Amino acid sequence: MNKETICAEALRLGFDLCRVARAGAAPHADALESWLQNGHHATMDWMRRTAEERSDPRKLLPGVSSVVVLATNYYRAAPAEPAEDAGRIARYARGADYHDVLGARLRALAASMESSGGQQKCFVDGGPVLERDWAAACGVSWHGKSTMGIHPQLGTWFFLSVILTTLELDPDVPLPERCGRCTRCIDACPTGAIDRPYHLDARRCISYLTIENKGPIPEEFRVAMGDRIFGCDDCLDACPWNRFARESRDAQLAPSAEIPGKPLREFLRLDEAAFKALFRGSPILRAKRRGFLRNVCVALGNKGTTRDLPALEQALNDHEPLVREHAQWAIGEIRARAS
Ligand code: SF4
Ligand code: SF4
C-alpha cells in the first residue's frame with residue numbers, strides 16, 4: 001500500500017486529513033524534557049514515566065519508518081452561553097468518547113495496511129506519542145501559541161490520532177506557522193496558563209484542573225473557573241483561525257442531547273451507579289464522579305443561587321470528602337452573594 005491508498009482509505013473510514021511524517025526523534029523532545037523538569041506537567045506523572053518513548057517512536061515500534069497522522073474534525077457550533085443553571089463542557093466532550101470512535105477507525109486502517117506487510121501501532125491521544133509534534137512535522141497543523149495545532153481550514157477543532165508503521169511512505173512537508181503577531185489565546189486564558197507563547201503551565205490550566213487533577217481545585221483558580229465543569233475552550237474560541245472551521249457531520253461524534261443543558265444541581269444527586277449510567281461512553285467518565293461533582297460544586301459557587309442551596313447542603317453529607325469540601329465552599333459563595 002502506498003501513501004495515497006492509505007490516505008484514501010483513511011478518508012473513507014471517516015478521518016478528515018491524512019498525512020505522513022518520517023519517523024525519528026520527535027522534533028520537540030528537548031522542549032518536553034525541560035517542561036517535565038520544571039514540573040509544568042503537574043500531577044501527570046505518566047508523562048514523565050513515558051518521556052523516553054514520547055521522545056522517540058522507535059522505542060515504541062522497532063523498525064518504524066513512518067508516522068501516519070490523522071485529523072478528525074469535531075467542530076459543532078454551540079450556543080455561546082450555557083443555560084442559566086447549566087455548566088459549560090468543552091466541545092470535544094459533549095458526545096461520545098473520541099478514543100472509542102477513532103480507535104475503531106484506526107484499527108480498521110491498520111488492518112488494511114497489514115496486507116502490505118507493514119507492522120503498525122495505533123494511538124489516539126493518550127499513548128506515549130507527541131501527536132502534535134508529528135502533526136506539525138507533516139503539515140496537518142502548525143504549532144499555535146496556545147500550544148494547540150492549527151489547520152487553515154479546520155482551525156483548532158480536530159482530534160489527532162497516529163499510526164506508527166514500518167512501511168516506508170513518502171513524507172509530507174510542514175505548513176508555515178501563521179500566528180504572526182496575534183496573542184488572542186494568551187489574552188483570553190482566564191488563569192494565565194499560557195505563560196508565554198507556545199508554553200503551557202498545566203498546573204494553571206482549567207482543562208487539567210477539571211479533568212486530570214484528582215485533588216481539590218486550588219482556591220486561587222475557583223472563581224476563574226466560572227461555570228466550566230469539564231475542560232475549557234477559551235483559548236480555542238479566541239483563535240481567529242477558527243472562523244474557517246466548518247461543522248462536523250460525523251454522526252458518531254454528535255453531541256449528546258441531554259447532558260450539556262442539564263441543571264448543575266441535578267448532577268449532585270448522582271450516586272456512583274447513576275453517574276456511570278449517565279456518562280456511559282462519554283469522556284466525562286475520566287474525571288470520575290468525585291472529580292466531576294467537585295467541578296459542579298465550583299461552578300455552583302460561581303453562578304448558583306439560593307435555589308441550589310438544598311442540593312449543596314445535601315452534598316455536605318457526600319461520602320467523598322472532596323465533594324463535601326467543595327460543596328461547603330460553594331454554599332459560602334452563594335450565601336455571600338445573596339447577602
Ligand atoms: S484551556 Fe483554558 S485554562 Fe487552559 S490554557 Fe486554554 S484558556 Fe487557559
Ligand atoms: S489565537 Fe492567535 S496566537 Fe493563539 S494560536 Fe490562534 S492565531 Fe496563534
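Whatever comes next refers back to the structure up there.
Report follows, based on the coordinates. (Residues numbered from 1 in each chain as written. Chains lettered and ligands numbered in written order. Predicted model: local features only at pLDDT ≥ 70, side-chain atom pairs only at ≥ 80, totals over all residues. Heavy atoms only, no water.)

1. Comments concerning unusual backbone geometry
Part 1 of the argument: Of note, Tyr198 is a non-glycine position whose phi angle comes to about 70°, a positive value.
Part 2 of the argument: Note on placement: Tyr198 falls in the loop between β8 (194–196) and β9 (199–200).
Part 3 of the argument: One non-glycine residue, Lys288, lies in the positive phi region at around 65°.
Part 4 of the argument: The topology assignment puts Lys288 in helix α13 (residues 288–303). (Helix = DSSP H or I, 4+ residues; strand = E, 2+ residues; numbered from the N terminus.)

2. Observations regarding the site of ligand 1
Part 1 of the argument: Inspection of the region around ligand 1 gives Cys189, Pro190, Thr191, Ala193, Ile194, Leu200, Cys205, Ile206, Ser207, Cys232, Asp234 and Cys235 as its neighbouring residues.
Part 2 of the argument: Counting only elements with at least two residues in the shell around ligand 1, the list comes to α8 (206–212) and α10 (234–237).
Part 3 of the argument: Split by residue class, the shell around ligand 1 holds nine nonpolar, two polar and one charged. (Near = heavy atom within 4 Å. Nonpolar A, V, L, I, M, F, W, Y, C, P; charged D, E, K, R; others polar.)

3. Describing the packing of helix α1 (residues 3–13) against helix α5 (residues 98–114)
Part 1 of the argument: Contact geometry of α1 with α5 gives a least axis separation of 10 Å together with a crossing angle of 150°. In this view, α1 runs roughly antiparallel relative to α5, as classed from their interaxial angle. Helix-helix and strand crossings are classified by hand; for α1 and α5 the assignment is right-handed. Of the residues in α5, those touching α1 at Ile6, Glu9, Ala10 and Leu13 are Arg105, Ala108, Leu109, Ser112 and Met113.
Part 2 of the argument: Its residues assigned to classes, the contact of α1 with α5 comprises six nonpolar, one polar and two charged. (Axes fitted to C-alpha atoms, helices over the stretch in contact; angles between N-to-C directions. Parallel < 35°, antiparallel > 145°, perpendicular 65-115°, else oblique. Left-handed = near helix turned anticlockwise from the far one by under 90°. Contact = heavy atoms within 4.5 Å.)

4. Some points on the site of ligand 2
Part 1 of the argument: Inspection of the region around ligand 2 gives Gly144, Lys145, Ser146, Ile150, Cys179, Cys182, Arg184, Cys185, Cys239, Pro240 and Trp241 as its neighbouring residues.
Part 2 of the argument: The cavity where ligand 2 resides is the second largest cavity.
Part 3 of the argument: Its residues placed into classes, the shell around ligand 2 shows seven nonpolar, two polar and two charged. (1 Å grid on protein atoms, 1.4 Å probe; cavity = no way out; pocket = protein on both sides within 12 Å on 5 of 7 lines; lining within 4 Å. Sits in = over half its atoms within 2 Å of the grid points.)

5. Re empty space enclosed by the protein
Part 1 of the argument: Counted according to the given criterion, the structure contains two cavities of 30 Å³ or more.
Part 2 of the argument: What the largest cavity holds in volume is close to 100 Å³.
Part 3 of the argument: In terms of lining residues, the largest cavity is bounded by Tyr74, Arg76, Arg91, Tyr92, Arg94, Gly95, Ala96, Phe159, Leu253, Ala254 and Pro255.
Part 4 of the argument: Classifying every residue of the lining of the largest cavity gives seven nonpolar, one polar and three charged.
Part 5 of the argument: Put simply, the second largest cavity is a space of about 80 Å³. (Points joined across faces, edges and corners; volume = space filled by probe spheres on them.)

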